[in-house]
Amino acid sequence: MNLFSFLLIDISLFFIGLCIGSFLNVIVYRLPRNESVIFPASHCPFCNHKIAFYDNIPILSFMLLKGKCRYCKRKISFQYPVVEFISGIVLPLSFFLYGFSLTFFVTFIFLYLLIPIFLIDMKHQVISDKITIPGIIAGFIFSFFIKGIQWYDSLIGIVVGGGVILVTAVVGKWIFKKEAMGMGDVMLFMMIGAFLGWRGALLTLILASLLGSIVGSIIVAKRRIKDTVVPFGPFISIAAVITYFFGNFLIGKYLSLFR
Ligand SMILES: [Zn+2]
């Protein structure tokens, strides 16, 4: 493939990714509110005015409107262009790494599942099984077709991933007398296990706990409150992305310590 067509594909993928990001923003807003993600068309969250297509162009509209609703002039969250941009990068990045292959397809699906999980849990402390259940099924089906993982690895991943979190949640509740993790976290780990296998799920758990305890202690120290609820889902999502791309490297490094 020559450089020109490579760039052309990358740029097209970036624009498709932007539109997917725009849709993910809709999911993040509507799913926790139990609204349909398809109807009605986009409207301003403040004044409910319908947003015209020319005001709904990813990133560009946000810049042209200077981050404000055209009608009520209230501030639109920075989350919108940021999610669009990150989603825009996902497709060309996956293509750069894997070319047009099934792994390319699986990679961007996995990342696009994690983006709304990250945001919804951060904002509402909820991990929606409307995302995780289709994710578990998709991850398991993909495992029959891609090279990186065997179907039984995916199946064991679902059981071990979910099981470990379920045990942690039950034991945690028994020891600390409060809900440390919920069924949402269990489902999320089943999904991660389906995509990454049991080793990947366990590595994700270790990385997420590390990230969570570092960031969590900073937040608690800053706010000086002990009972601040720090949702675990965002850390799990970031840890899952790290594991997806660097998991084999990290597991290899770790095992080599014992050789
Ligand atoms: Zn408005």
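As the structure is a prediction and not an experimental result, all values here were calculated from the model. All residue numbers here refer to positions counted from 1 along the written sequence of the relevant chain. This being a predicted model, a pLDDT of at least 70 is required before a residue's local features are given, and a value of 80 or more before pairs of side-chain atoms are given or counted; all residues contribute to the totals for chains, interfaces and linings. Working from all heavy atoms in the structure, the side-chain values ignore hydrogens and water.

1. Remarks on the overall build of the protein
- Scanning the protein from N- to C-terminus turns up eight helices and zero strands.
- What counts as a helix is a DSSP run of H or I of at least four residues, what counts as a strand is a run of E of at least two, and both are numbered from the N terminus. Each helix and strand of the protein, ordered N terminal to C terminal, gives the series α-α-α-α-α-α-α-α.
- Both definitions apply: the radius of gyration is a C-alpha atom measure, and the globule rule equals 2.2 Å times residues to the power 0.38. Taking 2.2 N^0.38 as the reference for a compact globule, 259 residues should give roughly 18 Å; the C-alpha atoms of the protein span a radius of gyration of 20 Å, in line with that estimate.
- With the principal axes as the frame, the protein shows a C-alpha extent of 60 × 55 × 30 Å.
- Summary of the burial criterion: residues with accessible area below 20% of their type's maximum are buried, those above 50% are exposed, and those between are partly exposed, where the area comes from a 1.4 Å probe applied to protein chains only. Scored against the burial criterion, the 259 residues of the protein give a buried share of 41%.
- Should any heavy atoms of two residues lie within 4.5 Å, those residues are counted as being in contact. Considering only intrachain contacts with a sequence separation of at least 6, the fraction spanning at least 24 residues in the protein is 68%.

2. Quick look at the coordination of the zinc ion
- Coordination of the zinc ion by the protein involves C44 (SG), C47 (SG), C69 (SG) and C72 (SG), with metal-donor separations of 2.3 Å.
- Because no water is among the atoms considered, metal sites can look incomplete, with donors defined as N, O and S atoms within 2.8 Å of the metal, or 3.2 Å for Na, K and Ca. For four-coordinate sites, all angles between 85 and 135 degrees define a tetrahedron; for four- and six-coordinate sites, opposite donors beyond 155 degrees with the remaining angles between 65 and 115 define square planar and octahedral shapes respectively, and all other cases count as irregular. Considering all four donor atoms around the zinc ion, the spread of angles at the metal, 105 to 115°, places the coordination shape in the tetrahedral class.
- Counting the intervening residues between successive donors of the zinc ion yields the motif C-x2-C-x21-C-x2-C. Highlighted residues: C47 in the loop between α1 (3–30) and α2 (60–64) and C69 in the loop between α2 and α3 (79–98), separated in sequence by 22 residues.

3. A few points about the nonpolar core
- For the purposes of this section, nonpolar cores are sets of buried Ala, Val, Leu, Ile, Met, Phe, Trp, Tyr and Cys residues that join through side-chain atoms within 4.5 Å. Core analysis: the biggest nonpolar cluster contains 50 residues, and F110, L188, M191 and F195 have the highest contact counts within it.
- Of all elements in the fold, only α1, α3, α4 (102–124), α5 (129–142), α6 (151–176), α7 (183–223) and α8 (233–256) reach the threshold of two or more residues within this core.
- With 13 residues, α7 is the largest single contributor of residues to this core.
- A domain-level breakdown of this core finds at least three residues from each of domain 1 (1–100) and domain 2 (101–259).
- Apart from the residues within four sequence positions on either side, L188 is in contact with L114, I117, I127, T132, G233 and I236. Domain segmentation is taken from an automatic or database assignment of domains.

4. Describing the domain arrangement of the protein
- One can read the domain layout of the protein as domain 1 (1–100) and domain 2 (101–259).
- For domain 1 and domain 2, the distance between their C-alpha centres works out to 25 Å.
- The interface is formed by 23 residues belonging to domain 1 together with 18 residues belonging to domain 2.
- Of all residues in domain 1, the largest losses of buried area upon contact with domain 2 belong to V28, L31 and Y98, amounting jointly to 31% of the total for that side.
- Whenever Lys or Arg places a side-chain nitrogen within 4 Å of a carboxyl oxygen from Asp or Glu, that contact is recorded as a salt bridge. Taken together, the links from domain 1 to domain 2 amount to zero salt bridges. Accessible area that two parts lose when put together, with a 1.4 Å probe and added across both, is what the buried area reports.

5. Some words on the pattern of salt bridges
- Tallied over the entire structure, the rule returns one salt bridge.
- Linking R70 and D55 is a salt bridge whose minimum nitrogen-to-oxygen distance equals 2.6 Å. One end of the pair, R70, is in the loop between α2 and α3; the other, D55, is in the loop between α1 and α2, with 15 residues separating them in the sequence.
- Using a relative accessible area of 38% as the deciding quantity, one classes R70 as partly exposed.
- A residue is classified by how much of its surface remains accessible, and D55, at 11% relative accessible area, is buried.

6. Looking at the side chain of R30
- Positionally, R30 belongs in helix α1.
- Neither His nor the chain ends is counted toward charge; the positive residues are Lys and Arg and the negative residues Asp and Glu. E35 is the oppositely charged side chain nearest to the buried, salt-bridge-free R30, at an N-O distance of 4.1 Å.
- Contacts described as polar in this section are N or O atom pairs within 3.5 Å, which, within protein, must combine one atom able to donate a hydrogen with one able to accept it, while residues neighboring in sequence count only if both atoms come from side chains. At 3.1 Å, the side chain of R30 and the backbone oxygen of S36 are in polar contact.

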